[in-house]
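# Residue-level structure breakdown
Chain by chain, the residues:
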Amino acid sequence: MIADILPSWVASAEEFGDVPEETLFPEERPLVERVADRRRREFVTGRHCARRALAAIGVAPVAIPRGERGAPVWPDGVVGSITHCSGYRAAAVAPAEAALAIGVDAEPHEHLPEGVLPRVAAPAEIAALTALRDADDAVCWDAILFSAKESVYKVWFPLTRRWLDFSEAVVDIDPAGGFEARLLVTDPAVGTTVLRGRWTVRDGHLATSIALSRG
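The structure displayed is predicted, hence computed values, not measured ones.

Under the local residue numbering, the UniProt record ascribes the feature "domain: 4'-phosphopantetheinyl transferase" (unreviewed entry) to residues 101-187. The span residues 101-187 is 43% helix and 23% strand, and its two end C-alpha atoms sit 14 Å from each other.

This part takes up helix H3 (residues 123-135). Helix length check: H3, at 13 residues, gives a terminal C-alpha distance of 19 Å against a target of 18 Å (1.5 Å per residue), a fit within 8%. Restricting attention to buried positions, one finds in H3 the residues Glu125, Leu129 and Leu132. For H3, the angular spread of the buried residues around the axis is 60°, confining them to a single face. Residues Pro123, Ala124 and Asp134 are exposed on H3 and point more than 90 degrees away from its buried face.

Okay, the UniProt feature "domain: 4'-phosphopantetheinyl transferase N-terminal" (unreviewed entry) in the protein next. The positions UniProt marks with the feature "domain: 4'-phosphopantetheinyl transferase N-terminal" (unreviewed entry) are residues 27-94. Secondary structure content for residues 27-94 is 29% helix and 22% strand, while the C-alpha to C-alpha distance between its ends is 23 Å.

Here is what the cut-offs are and how they apply
Residues numbered from 1 in each chain as written. Predicted model: local features only at pLDDT ≥ 70, side-chain atom pairs only at ≥ 80, totals over all residues. Heavy atoms only, no water. UniProt positions renumbered as here; feature names shortened; annotations may be inferred. Helix = DSSP H or I, 4+ residues; strand = E, 2+ residues; numbered from the N terminus. Expected span 1.5 Å × (residues − 1). Buried < 20%, exposed > 50% of the residue type's maximum accessible area, 1.4 Å probe, protein only. Arc of directions from axis to C-beta.

Pasting the structure below:
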């Protein structure tokens, strides 16, 4: 699923189930010693996907620690992103010489809980979602908007080391499978105020991605 919305120069791996905890490196095990079983399984399989993706670009298996705000710490010369939700885990990576940053996010394909949308979307975005729903009510457009903003953050934070609020990116969803995020804040590390990504829905899940190339 995730590979369908990433460019060919990005390597990815995904799992719809979980793998044994023995796939963790010793340096990673302390990170999940005191977490709930669900969170531990997400972490284990997410790291497994990350190492599979790294292998596809010629990087030997390595530990992937957790950095600031929980972001994965990639090997030198690599950028990437990990995502997990109920029933799905995935990772995407690329050589840093090709990409500035990658953001991927996956969610269950279901509407956001009541009260969440006004906290993550501006009135104009909510109006746009209404129009999308009127045209096709089989798609959970509100969840796609939320996921797209998560992918935006996963591109923004590794480059800037700064928080980005939901209100600081305005997302316009293309029903054909793309989206455009307009940043309302700037940072020279990002180099643009417009991020373009893609989305897909399949088998009860949705995924979004942004691959910010150096070109």
